[in-house]
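Letter by letter, the chains look like this.
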Amino acid sequence: MKVKDITLGALFLCASLIMFVIENQISLPVIVPGFKIGISNVITLVMLRVWDKKKAFLILILRIVISTVICANVTVFFYSLCGGVVSYMVMLLLKNVKSIPLVSIFGAVGHNTGQLFAAAVALGSISVFAYFPLLLILGSGAGFFTGLVAKFCIQNRNIKKLFKEAGI
């Protein structure tokens, strides 16, 4: 790996961790336990569009591990990892779809689905899937929002300049 790649990866990782920590301090008034908008996913979306898919996956995994150490516990790690991996796979499959918000919506639904499977395994019950219709609505809204933010980041001329200077 080149020094440039390591530096840029560290920048992306720090940005996603900062977003995670800030969002972790916000309590949303929703009836689904632990629901978050997933604003740190903006970084994953940006990386999938402008950088390397393998490096994007590495940064995602590092963010999940480090954020677990900072703010959470092992159970949350299991849910985050399952949701993050499923979300990433869905977004990777849809990487060439022109609409970033649409890719993000499917990624958010994938994240919720991965977490529900993790919860079903952890609890030994499929009753957690009763939350799926609500998570489909909430996740779609959150995914649309993070997709818009990612789209504006990618289109921002200052960020484009940063990517150009970094050789991306």
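Figured I'd write up the structure that's included with this text. (Residues numbered from 1 in each chain as written. Predicted model: local features only at pLDDT ≥ 70, side-chain atom pairs only at ≥ 80, totals over all residues. Heavy atoms only, no water.)

## Looking at the nonpolar core
Applied cut-off: Definition used in this section: a nonpolar core is a set of buried Ala, Val, Leu, Ile, Met, Phe, Trp, Tyr and Cys residues joined via side-chain atoms within 4.5 Å. Burial classes: relative accessible area under 20% of the type maximum marks a residue as buried, over 50% as exposed, and values in between as partly exposed (1.4 Å probe, protein chains only). Only DSSP runs of H or I covering at least 4 residues are called helices, and only runs of E covering at least 2 are called strands; the numbering of each starts at the N terminus. Here, two residues are considered to be in contact whenever any of their heavy atoms come within 4.5 Å of each other.
With 24 residues, the main nonpolar core has F12, L45, V46, M47, W51, I59 and A150 as its most contacted residues. Among the secondary structure elements, those contributing two or more residues to this core are helix 1 (3-24), helix 2 (41-50), helix 3 (53-71), helix 4 (74-93), helix 5 (100-123) and helix 6 (132-155). Ranked by residue count, the leading element in this core is helix 2, at six residues. Filtering out sequence-adjacent residues up to four positions away, M47 remains in contact with F12, D52, K55, A56 and I59. Judged by nonpolar contacts, the second largest core, of eight residues, contains L116, A119, A120 and L135.

## A closer look at the pattern of salt bridges
Stated precisely, the cut-off is as follows: The salt bridge criterion pairs a side-chain nitrogen of Lys or Arg with a carboxyl oxygen of Asp or Glu, the two atoms within 4 Å.
With the rule as written, the count across this model stands at one salt bridge. Ionic pairing is found between D5 and K55, a salt bridge with its closest N-O pair at 2.8 Å. Of this pair, D5 sits in helix 1 while K55 is found in helix 3, placing the two residues 50 residues apart along the sequence. Neither D5 nor K55 differs from the other in exposure class; each is buried.

## Thoughts on the side chain of S104
By secondary structure assignment, the location of S104 is in helix 5. Residue classification places S104 among the buried positions, given a relative accessible area of 0%. Those residues in contact with S104 that sit more than four places away from it in its chain are N41, L45, G143, T146 and G147.

## Describing a nonpolar patch on the surface
This is how it is decided: Two distance rules govern patches: like charges are joined within 9 Å, and nonpolar side chains (Val, Leu, Ile, Met, Phe, Trp, Tyr) within 5 Å, applied only to residues with over 30% relative accessible area and no salt bridge. In this description, accessible areas are obtained by the Shrake-Rupley approach with a 1.4 Å probe, and a residue is regarded as covered only by the protein chains that are shown.
A grouping of I18, I22 and I26 is seen on the molecular surface, where their side chains present a nonpolar patch of about 290 Å² in accessible area. With a relative accessible area of 51%, I22 lands in the exposed category.

## Comments concerning the state of the cysteines
To keep it simple, the criterion reads: The disulfide criterion used throughout: a pair of cysteine sulfur atoms within 2.5 Å.
Summed over the entire model, instances satisfying the criterion amount to zero disulfides. C153 carries a free sulfur, and the closest cysteine sulfur to it, the one in C14, is 16 Å from it. Here C153 falls in the partly exposed class, since its relative accessible area comes to 22%.

## Overview of the environment of S125
Note the following rule: Whenever a nitrogen or oxygen atom comes within 3.5 Å of another N or O atom, the pair is scored as a polar contact, on the condition that within protein one atom can donate a hydrogen and the other can accept it, and that pairs from neighbouring residues in sequence are kept only if both atoms are in side chains.
Mapped onto the elements of the fold, S125 is located in the loop between helix 5 and helix 6. Looking at S125, the relative accessible area reads 28%, which means it is partly exposed. Within the local environment of S125, its side chain forms a polar contact with the side chain of S127, the two groups lying 2.8 Å apart.

## Digging into helix 1
Worth spelling out the cut-off: Expected helix span is given by 1.5 Å per residue-to-residue step, counting one fewer step than there are residues.
Taking 1.5 Å of rise per residue, the 22 residues of helix 1 would be expected to cover 32 Å, and the 31 Å separating its terminal C-alpha atoms lies within 8% of that figure. The set of residues buried in helix 1 consists of D5, L8, G9, F12, L13, S16, L17, F20 and E23. Those residues of helix 1 hidden inside the fold are in contact with helix 2, helix 3 and helix 7 (157-165).

## Details of the packing of helix 3 against helix 4
Put simply, the rule reads: Throughout, an axis means a line fitted to C-alpha atoms (over the contacting stretch in the case of helices), and angles, computed between N-to-C directions, take values from 0 to 180 degrees. Angle categories are assigned with fixed cut-offs, so that under 35 degrees is roughly parallel, over 145 is roughly antiparallel, 65 to 115 is roughly perpendicular, and the rest are oblique. Take the far helix as your reference; a near helix turned counterclockwise from it by less than a right angle gives a left-handed crossing, and one turned clockwise gives a right-handed crossing. Side-chain classes are defined by residue name, with Ala, Val, Leu, Ile, Met, Phe, Trp, Tyr, Cys and Pro counting as nonpolar, Asp, Glu, Lys and Arg as charged, and the others, Gly among them, as polar.
The contact between helix 3 and helix 4 brings their axes to 10 Å, and the two run at 160°. One element, helix 3, and the other, helix 4, form an angle in the roughly antiparallel class. Considering how the two elements wind past one another, helix 3 and helix 4 form a crossing that is right-handed. Contacts from K53, K54, A56, F57, L60, I61, I64, V65 and T68 in helix 3 reach F77, S80, L81, G84, V85, Y88 and L92 in helix 4. Of the residues that constitute the contact of helix 3 with helix 4, the class distribution is 11 nonpolar, three polar and two charged.

Bear in mind that shape data such as this cannot, by itself, settle questions of function.
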